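Summary of structural features
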Amino acid sequence: MHKLIRRLLGAVPVLLAISFLIFLLMHIAPGDPVTLMLGDNATPEDVARLRGELGLDKPILVQYWDFLSRAVRGDFGRSLKFGEPVLKLVGERLPATLELAFASLFVAITIAVPVGVYSAIRHNSLVDHAGMSVALIGVSLPNFWLGIMLIYFFGGQLNWLPVAGRIEYGIEIKSITGLYLIDSLLTGNFEALVSVAKHLLMPAFTLGAALAAIVTRISRSSVLEVMRQDYVTTARAKGLSERAVIWRHIVRNALITIVTILGLQLGALLSGSVVTETVFSFPGIGDLLIQSISARDYKLTQILILMFAVTYFVVNLLVDFLYSWIDPRIKF
Amino acid sequence: MKPKPLDLDRRKFLKFGALAGVGALAQGALPGSSWSASRERLTILSSVALDNLHPYAYSSGPQYGIWYNMTEPLVDVDFAKRGYFGVLAESWEFQGKKWIFKLRKNVRFHDGSPFTAADVIYSFNRVKNDKQSLQKENFRDLVEMQALDDHTIAFVTEAPNAVFLDRLENRFIISKNATEAQGGEPGEHKPVGTGPYRFVSWQREGNLVMTRHDNYWGKKAAVKEIVIRRVREDAARVAGLLAGQGDVINNVPVEELSRFDKHAKVKAETVEGQRMYFLAMNVTHKPFDNKLVRQAINYAVDPATIIKHIYEGNGYVMNGPMGSKVIGYDPKIKRYPVDVKKGKELLDKAGFPNGLEVKLYFSPDRYPKAKEVCQVIADQLAKIGVKVELVSQEFAVFWGKEWVNGGKSPFYYVGRPATDADTVYDQYYRSGVSPRIQYKNPEFDKLIDEEQRTGDAKKRIALLHQAGRILMEDVPFVPLYTLAEIYGTARNVAWSARPDEKILAGTMAIR
């Protein structure tokens, strides 16, 4: 337990450094939120007045100190673009991104691990070659392009799936966790479940495709590597069934590498969500980040990037836990 | 009675989840339920949505359009006649520093309360003083408002202001009583206006739902319920319309138009837009301080070619500083003809016999096909010996105080919407107002001063024409074009689009 606390405390200076860096970069970067907010009619006097009202005319270090001193009291300020407290905005959007990330991870794992393991066990077979070719295509497709193609075919041409959003208009959902799929299951709301699944399918596939491709290749090479180990030969020699050899000795040991890659790739999944959410107008924090950066909404951007940093940290922590669970020899 | 605990163990959860998942996918494999426009409900897929529910914390055309469905202004623009008509105002009179408005009687807000001068004063005070208002600059010279009776109101300005009607466009009136009664944060109040639609619900980045206001003072809307959904991606809006998931979409890219022509259920709706595109030349930078150089550039640029090849014909060449829908447009002004020889001669006369090199700044994320347009312009300018280097900037950078709004962009491609020529003349070309062009001409300033003070509409237009002719002689810009605003609609939707990016559902009919 005290190791966990030590890890959590260790994150504080890192997050502080990140927050300062973002603050500095955002303010040094060219671009002005006030001229964007006021539009075409604003005079320089109007711009100066609003800058003063928003405190943007103060020196950067003073602004950062204001931000920090408020942040420790839990007040992260208001968004310039939306006029609402930034924490409220993030709270509204975070569950959507988490749901999308989990769905993409689910898509990636359910496709990639079985295909990867099977390709390794039957390597150089037709299935192996086909699997690896598809994986190569998957990793090569930019996800914005894949998203638009899916929208074109499954939305525009076939009308099977909705082109944007998270749930169909008119369907009420009782929020428990904020993850609509879980909430609709918990409340037994089948209509909502169908609508949410239909809205989630294309974005999850778009986001999960590249990850699936990477994991397929990693699973295959990892299993191949393990298959050459002496303990696998020993397991076979002592007369274990092939099934037991594969599942208890090969796959379990290969999982360490796969989990590491999944953990590392979750970061890519988050950055991928920025593009995917924009293409599908999916109301998550990725979409919000694009809007806040375009509007130079300093406070909102700051908190969103910090969120991403925290997520990386948490995922890394989880991966470490998973290691010791998969392989008890590894101590957390 | 004690609520029954959720009887769901892990096994049941997984079983139900798996079954439901398969069901959801199976249903997904069936043709989707399209909801084509009906008198019951119409869905608009819009590239823009409301950022919040604050009645004045926005300043963009499409957002004004969304609000206009629920809340109304005193006056609106008659684009065909290039003038104004009363919405919540019946008539008005300009008396020096005073504007007197007679308000429409028998108008009721959505909550049933009557519309009076007190609501106008409340609303405009919010516009002027609310911390979050982004429309304050429209009332910067409004010093007093007096309710002369329930349906007469006087606005007093610092100096006579003939263009006050322009400032009133998009200044929407909300109910004083209904808003104050809601308490809490001003940005979270449900809008209560007088418009043809009543507010029902809104989710940020989700749906805005409005229902017909059955006691509307004007013509009752044809469709009962309007749903506006934000769909940012152009391809997704088009796909949504083609699939029947939406009935009206905005900002259709020109290359998609041919698909609409062939489609049995959708059509395109186009109208000349209000945004005027031009090349701005900041006259404090060399070589744009030289009038001959500016004229030479005008002789070289041919917007008709750009419209034909880049916008597939969906544009309208501007003959002068204003587009044809703008109040103050002068049909007698003609643009500089394309004349390469003349352009070269002028450059020679200006002291650049071997041509010159300039940078052209543009923002590809703001204006459609800006990069392609600027490439063509560079090619056209090369013919008179002006070598152009293109500089692409993100809009937040382009428009910021480091560049255009700091007076640091010498030559740039920009688009500006306007209802009245005064707003552009005053802002871009009057001495000392904005650093965007920094043009100074006392004669021009005098005309604008006079135009802004005259109560005689005809005289004011004549003064704007005169000012326009001065600009065409000095040309601190190259007029280019206005573009078509392109919408897609289901074929059974009868609707005429407005030039100002507003989608007014109350003007739609279902065939």
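Calculation criteria
Residues numbered from 1 in each chain as written. Chains lettered and ligands numbered in written order. Predicted model: local features only at pLDDT ≥ 70, side-chain atom pairs only at ≥ 80, totals over all residues. Helix = DSSP H or I, 4+ residues; strand = E, 2+ residues; numbered from the N terminus. Buried ≥ 20, exposed ≤ 12 C-beta atoms within 10 Å, placed from the backbone. Contact = placed C-beta atoms within 7 Å. Pairing = 2+ DSSP bridges. Axes fitted to C-alpha atoms, helices over the stretch in contact; angles between N-to-C directions. Nonpolar A, V, L, I, M, F, W, Y, C, P; charged D, E, K, R; others polar. Expected span 1.5 Å × (residues − 1). Bend = angle between axes of the 7 residues up to and from the residue. Domains from an automatic or database assignment. Arc of directions from axis to C-beta. Parallel < 35°, antiparallel > 145°, perpendicular 65-115°, else oblique. Left-handed = near helix turned anticlockwise from the far one by under 90°. pLDDT = per-residue confidence, 0-100.

A look at the overall build of chain A
On a plain count of helices and strands, chain A comes out with 13 helices and 0 strands. Expressed along its principal axes, the backbone C-alpha trace of chain A runs to roughly 85 × 55 × 40 Å. Looking at chain A as a whole, 42% of its 332 residues are labelled buried. Here the analysis covers contacts within chain A between residues at least 6 apart in sequence; of these, 70% occur between residues at least 24 apart.

With respect to the overall build of chain B
Across its full length, chain B carries 15 helices and 19 strands. Considering only C-alpha atoms, chain B reaches an extent of 95 × 60 × 40 Å along its principal axes. Sorting the 511 residues of chain B into buried and exposed places 50% on the buried side. Put simply, 70% of the contacts in chain B that link residues at least 6 apart link residues at least 24 apart.

Observations regarding the sheet that holds strand β6 (residues 142-149) of chain B
Residue and element names in this part refer to chain B. Taken together, the 4 strands give an open sheet; going across it, the order is β4-β5-β7-β6, and neighbouring strands pair in antiparallel fashion. The sheet terminates laterally at β4 (89-95) and β6, the two strands that pair on one side only. Across the sheet, the mean angle from the axis of one strand to that of its neighbour is 20°, orientation sign disregarded. Judged from the 5 bridges that link them, strand β5 (residues 98-103) and strand β7 (residues 152-157) form a sheet pairing that is antiparallel. Its bridge partner being in β7, Trp99 is matched across the sheet by Phe155. Helix-sheet contacts for helix α3 (residues 117-129) involve β5, β6 and β7, and the interaxial angle to β6 is about 170°.

Focus: the interface of chain B and chain A
Contact with chain B, which involves 59 residues of that partner, is made by 47 residues of chain A. Elements with a contribution of two residues or more to the side of chain B that touches chain A: α1 (10-28), β10 (225-230), α6 (234-242), α12 (395-398), β16 (411-417) and α13 (421-429) of chain B. When residues in the side of chain B that touches chain A are grouped by element, the largest group, 9 residues, is from α1(B). Looking at the side of chain B that touches chain A, its residues break down into 23 nonpolar, 23 polar and 13 charged.

With respect to helix α11 (residues 242-279) of chain A
Side chains of residues three or four places apart in an α-helix project in the same direction, reflecting 3.6 residues per turn. Residue and element names in this part refer to chain A. Compared with the 56 Å implied by 1.5 Å per residue over 38 residues, the 46 Å span of α11 between its first and last C-alpha is markedly short. Helix geometry: α11 is bent most strongly at Val251, by close to 35°. At the exit of α11 stands Ser281, carrying a positive phi of roughly 45°.

A look at the pairing of β7(B)
Side chains on a regular strand alternate between the two faces of the sheet. Residue and element names in this part refer to chain B. Pairing between β6 and β7: 6 bridges, direction antiparallel. Looking across to β7, one finds that Asp149 is bridged to Thr152. Between the antiparallel neighbours β6 and β7 lie 2 residues.

Considering the domain arrangement of chain A
Residue and element names in this part refer to chain A. Domains assigned within chain A are domain 1 (2-72) and domain 2 (86-326). For domain 1 versus domain 2, the separation of C-alpha centres amounts to 32 Å. The interface is formed by 13 residues belonging to domain 1 together with 12 residues belonging to domain 2. When contributions to the side of domain 1 that touches domain 2 are tallied by element, the ones reaching two or more residues are α1 (2-28) and α2 (33-38). Per-element tally for the side of domain 1 that touches domain 2: the top contributor is α1, with 9 residues. Of the residues assigned to the side of domain 1 that touches domain 2, the class counts are 8 nonpolar, 3 polar and 2 charged.

With respect to the pairing of β16(B)
All names here are of chain B. Most of β16 sits inside the fold, with 6 of its 7 residues counted as buried. Pairing of strand β12 (residues 266-281) with β16 involves 7 bridges; the strand directions are antiparallel. Among the inter-strand pairings, Arg275 is bridged to a residue of β16, identified as Pro417.

Let's talk about unusual backbone geometry
Note the cis peptide between B:Lys286 and B:Pro287, where omega equals 0°. Structurally, the position occupied by B:Pro287 is in the loop between β12 and α8 (291-300). One non-glycine residue, A:Asn159, lies in positive phi territory at about 55°. Tracing the backbone through its elements, the reader meets A:Asn159 in the loop between α7 (143-157) and α8 (180-186). One non-glycine residue with positive phi stands out, namely B:Asn251, at about 45°.

Considerations on the environment of B:Tyr58
Residues and elements named next belong to chain B. Mapped onto the elements, Tyr58 comes out in the loop between β1 (41-46) and α2 (61-68). In this structure, the C-alpha to C-alpha distance between Tyr58 and Leu134, residues 76 residues apart in sequence, is 5.5 Å. In this structure, Tyr58 is in contact with Asp51, Gln63 and Leu134, ignoring residues within four places of it in sequence.

Description of the environment of B:Pro476
All names here are of chain B. By the secondary structure assignment, Pro476 is in the loop between α15 (457-474) and β17 (477-490). Between the C-alpha atoms of Pro476 and Asn177, which are 299 residues apart in sequence, the distance is 49 Å. Setting aside chain neighbours within four positions, we find Pro476 in contact with Met281, Val283, Arg294, Tyr429, Ile437 and Tyr439.

Topic: helix α11 (residues 370-382) of chain B
Residue and element names in this part refer to chain B. Compared with an ideal rise of 1.5 Å per residue, which puts 13 residues at 18 Å, α11 spans 18 Å between its outermost C-alpha atoms and is within 8% of the ideal. Within the sequence span of α11, burial applies to Ala370, Val373, Cys374, Ile377, Gln380 and Leu381. Each buried residue of α11 lies within a common arc of 115° when the element is viewed along its axis, so the set occupies one face. The inward-facing, buried residues of α11 abut α8, α9 (303-309), β14 (356-362), β15 (386-392) and β16.

Here we look at the packing of α1(A) against helix α4 (residues 60-71) of chain A
Residue and element names in this part refer to chain A. In the contact formed by α1 and α4, the axes pass within 11 Å of each other and the chain directions differ by 140°. Considered as vectors, α1 and α4 are oriented oblique to each other. Between α1 and α4 the crossing geometry is right-handed. Along the contact surface, α1 presents Phe20, Phe23, Leu24 and His27, while α4 presents Ile60, Tyr64 and Phe67. A breakdown of the residues in the contact of α1 with α4 according to their chemical character gives 6 nonpolar, 1 polar and no charged.

Some details on the packing of helix α5 (residues 86-121) of chain A against helix α12 (residues 285-294) of chain A
Residue and element names in this part refer to chain A. Two numbers describe how α5 lies on α12: the axes approach to 8 Å, and their chain directions differ by 130°. As summarised for this structure, α5 and α12 are arranged oblique, according to the angle between their axes. In this structure, α5 uses Leu89, Val90, Arg93, Leu94 and Thr97 to contact α12, whose residues at the interface are Ile285, Gly286 and Leu288. By residue class, the composition of the contact of α5 with α12 is 5 nonpolar, 2 polar and 1 charged.

Some words on the environment of B:Pro191
All names here are of chain B. Along the chain, the position of Pro191 falls in the loop between α5 (176-182) and β8 (197-202). Put simply, Pro191 and Thr71 are 120 residues apart on the chain and 7.7 Å apart in space, counted from C-alpha to C-alpha. Discounting chain neighbours no more than four positions away, the residues touching Pro191 are Leu53, Pro55, Met70, Thr71, Ile174 and Phe199.

Some details on the confidence of the model for chain B
Of all residues in chain B, 93% attain a pLDDT of 70 or more, and the chain-wide mean is 90. With pTM at 0.85, the complex prediction returns an ipTM value of 0.82.

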